[in-house]
Amino acid sequence: MTSPARAANREELQRGWQPRLPSRLFLRFLGRRLAALILLGLGITFVAFALTELVPGDPAAANLGQRAIGDPAAVQAFREHYGLDKPLPVQYALYLQHLANGDLGESEQSHRPVRADLSEYVPATAELALTSILIAFALGITLGIIAAIRRNRLSDQVLRVISLGGISMPTFWLALVALYVFFFQLGWVPGSGRLDPGVAPAPHVTGLYTVDALIAGQFDVFASALQHLILPACVLAAYNVGLLTRFTRSAMLEVINNDYVQAARAKGLPEHTVILRHVLRAALPPIITVGGLAFANVMTGTVLVESIFSWPGIGQYAFHSATTLDLPAIMGVSLFVAVVYIAVNFVVDVLYGVVDPRIRVA
Amino acid sequence: MSARSLPLRFRLGLGRRPGTIGSAWTQPLAIAGLALGGAWILLAIFVPLVAPYDPLAQSAQLFLAPSASHLFGTDELGRDVFSRVLWASRLSLPLAFFLVAMAVLIGGVLGGLAGYFGGWVDEVVMRATDLVFAFPTIILAMAVTAALGPSLRNAVLAVLVVFWPAYARVVRGLVLSLGEADYVSASRLLGASSRRALLVDVLPNIAGPVLVLATLDLGNAVLLLAGLSFLGLGAQPPAPEWGSMVNTGTQYFQRWWMGTFPGFAILSVVLAFNFLGDSLRDALDPRSSWAVKEQNR
């Protein structure tokens with residue numbers, strides 16, 4: 001067989017290995033995805049615009065809140081700022097212009113720009129979300145592999161019930177029960193916040209307290225931060241563990257009966273090599289696609305759970321904004337989360353294209 | 001809804017292939033789900049006979065721990081938590097069924113039109129679904145409810161906004177693939193009208209995946225409504241609602257019974273629908289992967 005691929009291989013062997021430039025096909029795939037991303041981003045701003053400026057009976061009243069609405073000067077200023085007396089397309093253009101300048105409006109609660117609030121709260125949520133996703137993928141994939149190997153036996157059935165339980169559990173309730181049991185009754189974990197009282201965070205580098213503490217070499221701070229992190233992260237992981245267990249199981253079962261797996265066994269490879277190198281390797285691309293969904297679930301969870309753990313992130317901010325009907329803050333969080341979400345989905349798409357070349361062509 | 005329409009689906013031909021919907025009922029998980037869900041539906045119907053107290057009646061007996069007279073204890077206004085948990089099923093269950101039925105209807109019609117006509121209809125509907133999918137569900141539902149004003153009605157509307165696109169995508173995809181299927185062409189060549197082809201050849205094959213999705217969404221609807229109420233955007237006090245009861249429970253952390261029991265109610269209802277949906281999916285398509293929604297992205 002003198003395929004071009006083989007010729008290229010031989011050529012590469014003679015030249016020695018060199019970093020490969022992305023192929024033209026891949027660049028086109030990337031460009032298409034990028035264009036879709038930008039369109040979707042615009043769409044998101046339109047949804048947010050419609051919800052803030054069009055839906056409420058009086059946008060000025062909804063956005064200014066009770067106090068300021070009594071002040072005619074404030075109402076007038078708001079109307080002029082957002083061009084509420086102008087035609088809709090102009091209003092939308094103005095809205096986009098404000099967004100481009102990072103103007104998300106002002107929170108009624110904190111009386112600060114929503115953007116300033118967000119940038120203060122994002123690192124806490126990032127630390128929680130990343131840890132939770134890490135736990136979920138490690139545990140979910142492991143359990144999924146076990147379920148696939150032991151398919152239709154008792155342990156598979158038990159895992160099925162557990163994973164369905166994970167996706168059926170109201171996260172906010174799980175947080176409450178977990179906090180009651182592990183903090184109040186057993187005292188295994190500290191109660192709330194990101195650090196023990198009296199412990200100062202390490203110098204700000206990333207905003208993630210655990211990482212910052214490691215960078216500064218302050219291991220007592222790291223321990224404290226980790227203790228505070230572990231319970232909320234596990235609670236947030238519950239849904240995704242259920243999801244990933246089921247997904248990994250079915251992705252493994254799609255390939256486990258293929259001829260090449262039989263061939264690997266027939267070669268005399270040990271079973272764990274067959275499962276990990278041959279079956280799991282082929283099952284991984286679909287599992288990657290769950291990444292975007294897992295992120296969405298974690299963001300959903302943080303909104304409901306952070307306030308229970310007094311975790312000072314955007315979830316708690318969103319919760320308090322929702323309970324006090326702080327519309328600019330709610331819209332700011334929604335817009336921010338949606339933008340990050342489509343960015344995550346973009347990365348997942350591209351990764352999928354890298355791992356599975358067939359996707360690029362389709 | 002699903003249980004009553006099952007014989008109909010058999011007649012429509014879903015049961016014709018051996019090992020389809022009928023085989024779901026041989027699974028222990030499906031039976032457990034049916035029993036649990038059925039028990040909740042019966043409870044919701046007969047609440048006035050079962051609940052020992054008026055769910056809104058306040059008393060001087062605040063924060064009583066669970067006992068024989070108050071099975072789940074009492075809350076901060078002296079109301080019986082057990083009665084409130086039972087009465088709340090009258091809110092969540094009918095709303096969940098209503099929501100999913102509406103989502104199937106709206107999503108099904110829009111998806112069907114998109115798949116059938118293609119062109120700009122398809123483009124508009126699909127871009128609309130893209131927009132909804134660009135937000136994590138509760139974030140969008142929260143934003144919509146907050147903009148409309150917090151009330152149960154607006155929460156239901158918000159959930160509807162985030163639920164219909166999944167059905168539009170599934171139905172569109174199926175209409176597209178089935179429209180080109182050989183057996184549909186064969187039926188048309190034999191002289192079947194487009195109406196007959198749609199109703200007899202295409203619809204029964206759409207029913208299966210939609211039924212699976214709808215069963216799972218019953219659970220999701222209960223979860224999402226409870227979540228919105230937990231945020232204070234859904235049911236308003238003093239109405240008994242599971243999510244807002246858990247919220248109150250977080251404020252009285254040490255009275256564990258106030259939040260724990262309503263949460264159990266949510267868990268058991270959602271679990272029942274997920275058991276059912278998962279078994280149905282296994283029965284209808286053993287190969288199918290976890291998230292029907294995600295498969296159709």
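Novice: I'm lost on the overall build of chain A in this one. Help?
Specialist: Counting secondary structure elements, chain A contains 15 helices and zero strands. Contacts in chain A between residues far apart in sequence, at least 24 positions, make up 69% of those at least 6 positions apart.

Novice: Where do I start with the overall build of chain B in this structure?
Specialist: A tally of helices and strands in chain B yields twelve helices and zero strands. Each helix (α) and strand (β) of chain B, taken in turn from the N terminus, gives the series α-α-α-α-α-α-α-α-α-α-α-α. Among the 297 residues that make up chain B, the fraction classed as buried is 47%. Summarising the internal contacts of chain B: among those between residues at least 6 apart in sequence, 70% fall at separations of at least 24.

Novice: Please clarify how the interface of chain B and chain A should be interpreted in this entry.
Specialist: Buried accessible area, meaning the area lost when the parts come together, often serves as the stated size of an interface. Taken residue by residue, the interface counts 44 residues in chain B and 46 residues in chain A. Going through the elements one at a time, α5 (119-133), α6 (137-148), α9 (194-230), α10 (242-251) and α11 (256-284) of chain B are the ones with two or more residues in the side of chain B that touches chain A. Ranked by residues supplied to the side of chain B that touches chain A, first place goes to α11 of chain B with eleven residues.

Novice: How should the nonpolar core be read in this particular structure?
Specialist: In globular proteins that are soluble, nonpolar side chains generally tend to be buried together. Ranked by size, the top nonpolar core spans 168 residues in total, and within it Met142 and Val159 of chain B carry the most contacts. Excluding residues that lie within four positions of it along the chain, Met142 of chain B makes contacts with Val303, Ala322 and Ile330 of chain A together with Leu228, Leu231 and Leu233 of chain B.

Novice: Looking at this structure, how should I read the packing of helix α2 (residues 28-45) of chain B against α11 of chain B?
Specialist: A pair of packed helices can be characterised by two numbers: the angle between their axes and the separation between those axes. Residue and element names in this part refer to chain B. As a packed pair, α2 and α11 sit with axes 8 Å apart at the nearest point and diverge in direction by 140°. Judged by the angle between their axes, α2 and α11 are oblique. In this structure, the crossing between α2 and α11 has a hand that is left-handed. For the pair α2 and α11, the contacting residues are Leu29, Ala30, Ala32, Gly33, Leu34, Leu36, Gly37 and Trp40 in the first and Ser268, Val269, Leu271, Ala272, Phe273, Phe275, Leu276, Asp278 and Ser279 in the second. Class assignment of the residues belonging to the contact of α2 with α11 gives a composition of twelve nonpolar, four polar and one charged.

Novice: Would you take a moment to explain the confidence of the model for chain A for this structure?
Specialist: Do not read the fine detail of predicted coordinates wherever pLDDT is low. Confidence along chain A averages 85 in pLDDT terms, with 88% of residues attaining 70 or more. The secondary structure element of chain A with the lowest average pLDDT is helix α1 (residues 4-15) of chain A, at 59, and the one with the highest is helix α6 (residues 114-149) of chain A, at 93.

Novice: Help me out: how do you make sense of unusual backbone geometry in this one?
Specialist: Peptide bonds are, in most cases, trans, and in most cases residues other than glycine have a negative phi. Residue and element names in this part refer to chain B. With an omega of 10°, the peptide bond running from Pro237 to Pro238 counts as cis. Along the chain, the position of Pro238 falls in the loop between α9 and α10. Notably, Phe63 is not glycine yet its phi reads approximately 50°, a positive angle. Among the secondary structure elements, Phe63 is positioned in the loop between α3 (47-50) and α4 (81-117). Here Phe63 falls in the partly exposed class, since 15 other C-beta atoms lie within 10 Å of it.

Novice: How should I be thinking about the environment of Phe222 of chain A in this particular structure?
Specialist: Residue and element names in this part refer to chain A. In this fold, Phe222 is placed in helix α10 (residues 219-256). The exposure class of Phe222 is partly exposed, given the 19 C-beta atoms found within 10 Å. In this structure, the C-alpha to C-alpha distance between Phe222 and Tyr209, residues 13 residues apart in sequence, is 7.2 Å. Not counting chain neighbours up to four residues away, the residues in contact with Phe222 comprise Thr210, Ala213 and Leu214.

Novice: For this particular structure, what's the right way to read the confidence of the model for chain B?
Specialist: Residue and element names in this part refer to chain B. Predicted confidence across chain B gives a mean pLDDT of 84, with 87% of residues reaching 70 or more. Of all the helices and strands in chain B, helix α12 (residues 292-295) carries the lowest mean pLDDT, 36, while α4 carries the highest, 93. Below a pLDDT of 50 lies the segment residues 1-19, which in the model reaches 19 contacts outside its immediate sequence neighbourhood of four places, other chains included. Note that pLDDT drops below 50 for residues 286-297; the model gives that stretch 21 contacts with residues more than four away or on any other chain.

Novice: Is there a simple way to explain the packing of helix α2 (residues 24-54) of chain A against helix α14 (residues 327-355) of chain A in this structure?
Specialist: Residue and element names in this part refer to chain A. Where α2 contacts α14, the axes come no closer than 10 Å and their chain directions differ by 165°. Judged on the interaxial angle alone, α14 and α2 are roughly antiparallel. Considering the relative orientation of α2 and α14, their crossing is right-handed. Within the contact between the two elements, α2 uses Phe29, Leu30, Arg33, Leu37, Leu40, Gly41, Ile44, Ala48, Leu51 and Thr52 and α14 uses Leu327, Met331, Ser334, Leu335, Ala338, Val339, Ile342, Phe346, Asp349, Val350 and Gly353. By residue class, the composition of the contact of α2 with α14 is 15 nonpolar, four polar and two charged.

Novice: Whenever I open this one, the environment of Ser168 of chain A confuses me. Can you help?
Specialist: Mapped onto the elements of the fold, Ser168 of chain A is located in helix α7 (residues 154-168). Expressed as a C-alpha distance, the spacing of Ser168 of chain A and Ala238 of chain A, which sit 70 residues apart in the sequence, is 9.7 Å. When residues no more than four places from it in sequence are discounted, the contact partners of Ser168 of chain A are Gly219, Leu267, Val270, Leu271 and Asn274 of chain B.

Novice: Help me understand the environment of Phe264 of chain B in this model?
Specialist: By secondary structure assignment, the location of Phe264 of chain B is in helix α11. Expressed as a C-alpha distance, the spacing of Phe264 of chain B and Leu213 of chain B, which sit 51 residues apart in the sequence, is 23 Å.

What counts, and where the lines are drawn
- Residues numbered from 1 in each chain as written.
- Chains lettered and ligands numbered in written order.
- Predicted model: local features only at pLDDT ≥ 70, side-chain atom pairs only at ≥ 80, totals over all residues.
- Helix = DSSP H or I, 4+ residues; strand = E, 2+ residues; numbered from the N terminus.
- Contact = placed C-beta atoms within 7 Å.
- Buried ≥ 20, exposed ≤ 12 C-beta atoms within 10 Å, placed from the backbone.
- Core = buried A, V, L, I, M, F, W, Y, C linked by C-beta atoms within 7 Å.
- Axes fitted to C-alpha atoms, helices over the stretch in contact; angles between N-to-C directions.
- Parallel < 35°, antiparallel > 145°, perpendicular 65-115°, else oblique.
- Left-handed = near helix turned anticlockwise from the far one by under 90°.
- Nonpolar A, V, L, I, M, F, W, Y, C, P; charged D, E, K, R; others polar.
- pLDDT = per-residue confidence, 0-100.

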